[in-house]
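# Remarks on the overall topology
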2 protein chains.
Amino acid sequence: TLAAPAIAQSAPKVSWRLTSSFPKSLDTIFGGAEVLAKAVSDATDGAFQIQVFAAGELVPGLQAADAVTNGTLEMAHTCSYYYVGKDPAFCWGTAAPFGLNGRMLNAWFYHGGGNELLNEFYAKYNFIGLPGGNTGTQMGGWFRKEIKTVADLNGLKMRIGGIGGRVLAKLGAVPQQIAGGDIYPALEKGTIDGAEWVGPYDDEKLGFYKVAPHYYYPGWWEGGAALHFFINKAKWAELPKAYQAILTSAAAHANVDMQAKYDAKNPAALKRLVQAGAQLHPFPGEVMDASLKASIELYAEISKENEPFKKLHDAVMAFRNDEYLWWQVAELGYDAFMIRARGR
Amino acid sequence: TLAAPAIAQSAPKVSWRLTSSFPKSLDTIFGGAEVLAKAVSDATDGAFQIQVFAAGELVPGLQAADAVTNGTLEMAHTCSYYYVGKDPAFCWGTAAPFGLNGRMLNAWFYHGGGNELLNEFYAKYNFIGLPGGNTGTQMGGWFRKEIKTVADLNGLKMRIGGIGGRVLAKLGAVPQQIAGGDIYPALEKGTIDGAEWVGPYDDEKLGFYKVAPHYYYPGWWEGGAALHFFINKAKWAELPKAYQAILTSAAAHANVDMQAKYDAKNPAALKRLVQAGAQLHPFPGEVMDASLKASIELYAEISKENEPFKKLHDAVMAFRNDEYLWWQVAELGYDAFMIRARGR
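In this report, the structure presented in the accompanying data block is examined. (Residues numbered from 1 in each chain as written. Chains lettered and ligands numbered in written order. Predicted model: local features only at pLDDT ≥ 70, side-chain atom pairs only at ≥ 80, totals over all residues. Heavy atoms only, no water.)

### What about the overall build of chain A?
Within chain A, the secondary structure is distributed over twelve helices and eleven strands. Computed over the C-alpha atoms, the radius of gyration of chain A is 21 Å, within 12% of the 20 Å expected from 2.2 N^0.38 for a compact globule of 344 residues. Projected onto its principal axes, the C-alpha positions of chain A cover 70 × 50 × 40 Å. Looking at chain A residue by residue over its 344 residues, the buried ones come to 62%. In chain A, the share of contacts with a sequence separation of at least 24, taken over all contacts with a separation of at least 6, comes to 78%. Entry remark: accessible area of chain A is about 12,200 Å², with carbon and sulfur atoms responsible for 52%. (Helix = DSSP H or I, 4+ residues; strand = E, 2+ residues; numbered from the N terminus. Rg over C-alpha atoms; globule rule 2.2 N^0.38 Å. Buried < 20%, exposed > 50% of the residue type's maximum accessible area, 1.4 Å probe, protein only. Contact = heavy atoms within 4.5 Å. Areas by Shrake-Rupley, 256 points an atom, 1.4 Å probe, with all protein chains shown as cover.)

Quick look at the structure:
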């Protein structure tokens, strides 16, 4: 009683170009695009090829979305929040201060209306977004001196971008935009006092522990940072339905694979960093509290003048409040016990 | 400079049957097989059809793996730990007491050597396994009376299977094997004192809160419970490479989708349960501690006489200890703050 299958069609040859916003050296995050491209090629016997370019090979990393908007490239693998300069609402696709953790983001994207709301917003930029990876909760970054009070943030020159930087600016910090390769010398010379990057596995490669050994957590501006595949709308529409389905599953495949890879790689990297001299500190409670308060103020200010931002903000925050109601029960209860029981 | 794509081949028609170990009423967990089947059909213009059957339609839910082993069915969507009666080593594919949480399981499967180790073990049963979903940390179940001390476990008749049941038996409890539909009347009559099921969204459907209102957490026997797609090895080998790739990505797609669906559905269900009278309790510290100790003893006993079990146990526990070293930093730091800050 199987339904008769549709007539099998031969697969048309399609060649796309994808720019990543990342260098090849960040193998976890750059690798997400490679996982997708391989899955698509393998699923089509090589008929649908997506050639993956590193940041800067075709377009600068932070202009990946623009290249998709104008159709220069069919797709990009990037972070939505890199484009908050165009509209702060872009932050909600990746991470925003005191937002969703990695698993909650997927819940919101796939089953909480998040993908629909984001794609409504991305439509103005002529692309659709498919979630395509996550780093998990990021670290709070590397500092030359300890941060003991909110007053220690005053005048602190920190390499941090986006909405997180604007929250810290409310507390007196001076956010700096510096490309990855320039952070180390700036920290070494003291041109900046601190810098955030990703987490142990990626941070280790840049060697910050040698010049700014105070390693803080958690990165409250990125409780879970999602990657997206952005696909030009016209190019998407031209694809056969089967290829759209293959891309959709390949993106989900890359999504779960990247989080798994970060989760597998971070523990050993953290051990090596601590052995090499990194000093772990939680942000002081008063810094966390003041940052939360400042983020709420900033969200209210932006929401007043930006309807798309407000719509996404309100959706994420309502979802978050329910998620943490549940999270505090089984998930946190289990993890907290397991951490207390380590070594037994 | 694109490599020349392989010659596109027309897609052969393939019809497979999949049995789920679950009834359709459990839409999250049963739905995982539907997500996979739709992704595969859409990716092949309907040429590769996987017809999904609920537990009992073709074979009983707990015999799903057997049907794949003997080739009666091409594949199943099930929990590896349902088959601990054949070999306790099956537990490591799903969840074992004080094992990995949901994200850590994916890290181990995809990037920690877990899939390779499990497939080496599953080969004896003539199938391969692809991870295909997760419930997240489960609840500890429903009890007619409060559990305040380890002594309260003595003689406690609880519906729980597998390795978790064997751990509780060491503490004096009397594990019971009861099918889902029979749990409610047994709790109502007092034939059993408690029962574990899944989490708020699934538990709500069975109405346990009316007859056993004490709802405990966390389910330390299932810090994250993974589903698997089991595929008959010969049937897998017969598939064109492209169909193998499509199935692989579709399974990963179903994997991330199921966890997202549980995470999206559980919070509202928990609220409704509490409003309806469910009383939330954490397991007392001494119960958690005694259970951990009993699990370590049981693992040592089984490992002494079962080499495949020992190999998987040792791999999971080494991975777990490193994971929680990292988890206590950024992930738990973030979640714990967010929970304390709820309502602000």
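### Concerning the sheet that holds strand E2 (residues 48-53) of chain A
Residues and elements named next belong to chain A. The strand order across the open sheet formed by five strands is E2-E1-E3-E10-E4, and the pairing between neighbours is mixed. The sheet is open, and its two borders are formed by E2 and strand E4 (127-134), each paired with just one other strand. Adjacent strand axes in the sheet meet at a mean angle of 25 degrees when their direction is disregarded. As defined by bridge partners, strand E3 (residues 75-78) adjoins strand E10 (residues 226-232) across four bridges and the pair is classed as antiparallel. Among the inter-strand pairings, Met75 is bridged to a residue of E10, identified as Ile231. Strands in contact with helix H1 (residues 27-43) are strand E1 (14-20), E2, E3 and E10; relative to E2, the strand with the most contacts, it is inclined by about 165 degrees. This element, helix H9 (residues 241-275), spans E1, E2, E3, E4 and E10 of the sheet and lies at about 30 degrees to E4. (Pairing = 2+ DSSP bridges. Axes fitted to C-alpha atoms, helices over the stretch in contact; angles between N-to-C directions.)

### What to know about unusual backbone geometry
With omega at -10 degrees, the peptide bond leading from Tyr217 of chain A into Pro218 of chain A counts as cis. Along the chain, Pro218 of chain A turns up in the loop between strand E9 (214-217) and E10. A positive phi angle, close to 50 degrees, is found at Asp45 of chain B, a residue other than glycine. Considering the arrangement of structural elements, one finds Asp45 of chain B in the loop between helix H1 (27-43) and strand E2 (48-53). Positive phi, close to 75 degrees, is recorded for Asn126 of chain B, a residue that is not glycine. Considering the arrangement of structural elements, one finds Asn126 of chain B in the loop between helix H4 (114-122) and strand E4 (127-134).

### Thoughts on the nonpolar core
Ranked by internal contacts, the top residues of the largest apolar core, which has 249 residues, are Leu36, Ile50 and Leu247 of chain A together with Leu36, Ile50 and Leu247 of chain B. Excluding its chain neighbours within four sequence positions, the residues that come into contact with Leu247 of chain B are Trp16, Leu36, Val40, Phe48, Ile50, Met75, Leu130, Ile231, Trp236 and Leu239 of chain B. Ranked by size, the runner-up nonpolar core spans eight residues in total, among them Val256 of chain A together with Tyr110, Val256 and Ala260 of chain B. (Core = buried A, V, L, I, M, F, W, Y, C linked by side-chain atoms within 4.5 Å.)

### Focus on the sheet that holds strand E7 (residues 174-176) of chain B
What links the strands of a sheet is backbone hydrogen bonding, and the strands pair in either a parallel or an antiparallel sense. Residues and elements named next belong to chain B. Strands sit in the order E7-E6-E8-E5-E9-E11 across an open sheet of six strands; the sheet is mixed. The outermost strands of the open sheet, each flanked by one partner alone, are E7 and strand E11 (279-282). Of the pairings in the sheet, the one linking strand E5 (residues 141-143) to strand E9 (residues 214-217) comprises three bridges and is antiparallel in character. Counterpart to Trp142 in the pairing with E9 is Tyr215.

### Some remarks on the relation of the copies chain B and chain A
Between chain B and chain A, the superposition needs a rotation of 180 degrees and an axial shift of 0.0 Å, giving an RMSD of 0.0 Å. Such values leave the two copies arranged in the relation of a two-fold axis. Of the interface residues in chain B, 100% have counterparts in chain A that sit at the interface too, so the contact is made through matching surfaces. (Least-squares fit on C-alpha atoms with pLDDT ≥ 70 in both.)

### Description of the state of the cysteines
Residue and element names in this part refer to chain A. Within the structure shown, the criterion is met by zero disulfides over all chains. With no disulfide partner, Cys79 has as its closest neighbouring cysteine sulfur the one in Cys91, 12 Å distant. Take Cys79: its relative accessible area is 4%, and that puts it in the buried class. (Disulfide = S-S within 2.5 Å.)

### Some remarks on the packing of helix H3 (residues 102-111) of chain A against helix H4 (residues 114-122) of chain A
Two numbers describe a pair of packed helices, the interaxial angle and the distance between the axes. Residue and element names in this part refer to chain A. In the contact formed by H3 and H4, the axes pass within 4 Å of each other and the chain directions differ by 75 degrees. When the axes of H3 and H4 are compared, the pair comes out roughly perpendicular. Each of Trp108, Phe109 and Tyr110 in H3 lies in contact with H4, whose residues at this interface are Gly114, Asn115, Glu116, Leu117 and Leu118. Of the residues belonging to the contact of H3 with H4, the class tally is five nonpolar, two polar and one charged. (Parallel < 35°, antiparallel > 145°, perpendicular 65-115°, else oblique. Nonpolar A, V, L, I, M, F, W, Y, C, P; charged D, E, K, R; others polar.)

### Let's talk about the interface of chain B and chain A
Contact residues are listed per partner, giving 84 residues for chain B and 84 residues for chain A. Note on chain B versus chain A: buried area summed over both sides is about 8,100 Å², and carbon and sulfur give 66% of it. Between Asp322 of chain A and Lys271 of chain B there is a salt bridge whose closest N-O contact spans 2.7 Å. At the junction of chain B with chain A, the criterion picks out 20 residue pairs in polar contact (both at pLDDT 80 or more). Going through the elements one at a time, H1, helix H3 (102-111), helix H9 (241-275), helix H10 (285-305), helix H11 (307-327) and helix H12 (330-340) of chain B are the ones with two or more residues in the side of chain B that touches chain A. The dominant element in the side of chain B that touches chain A, judged by the number of residues it contributes, is H9 of chain B, at 21 residues. (Buried area = accessible area lost by both parts, 1.4 Å probe. Salt bridge = Lys/Arg side-chain N within 4 Å of Asp/Glu carboxyl O. Polar contact = N/O pair within 3.5 Å; in protein donor to acceptor, adjacent residues only side chain to side chain.)

### Here's the deal with H9 of chain A
Since there are 3.6 residues in each turn of an α-helix, residues three or four apart along the chain are aligned in direction. Residues and elements named next belong to chain A. Over its 35 residues, H9 extends 52 Å from the first C-alpha to the last, a length consistent with the 51 Å expected when each residue adds 1.5 Å. For H9, the principal kink sits at Asn266 and spans about 30 degrees; a proline, Pro267, occurs within the next four residues. Counting buried residues in H9 gives 27 out of 35 residues, a clear majority hidden from the surface. Backbone geometry just downstream of H9 places Gly277 in the positive-phi region, at approximately 120 degrees. (Expected span 1.5 Å × (residues − 1). Bend = angle between axes of the 7 residues up to and from the residue.)

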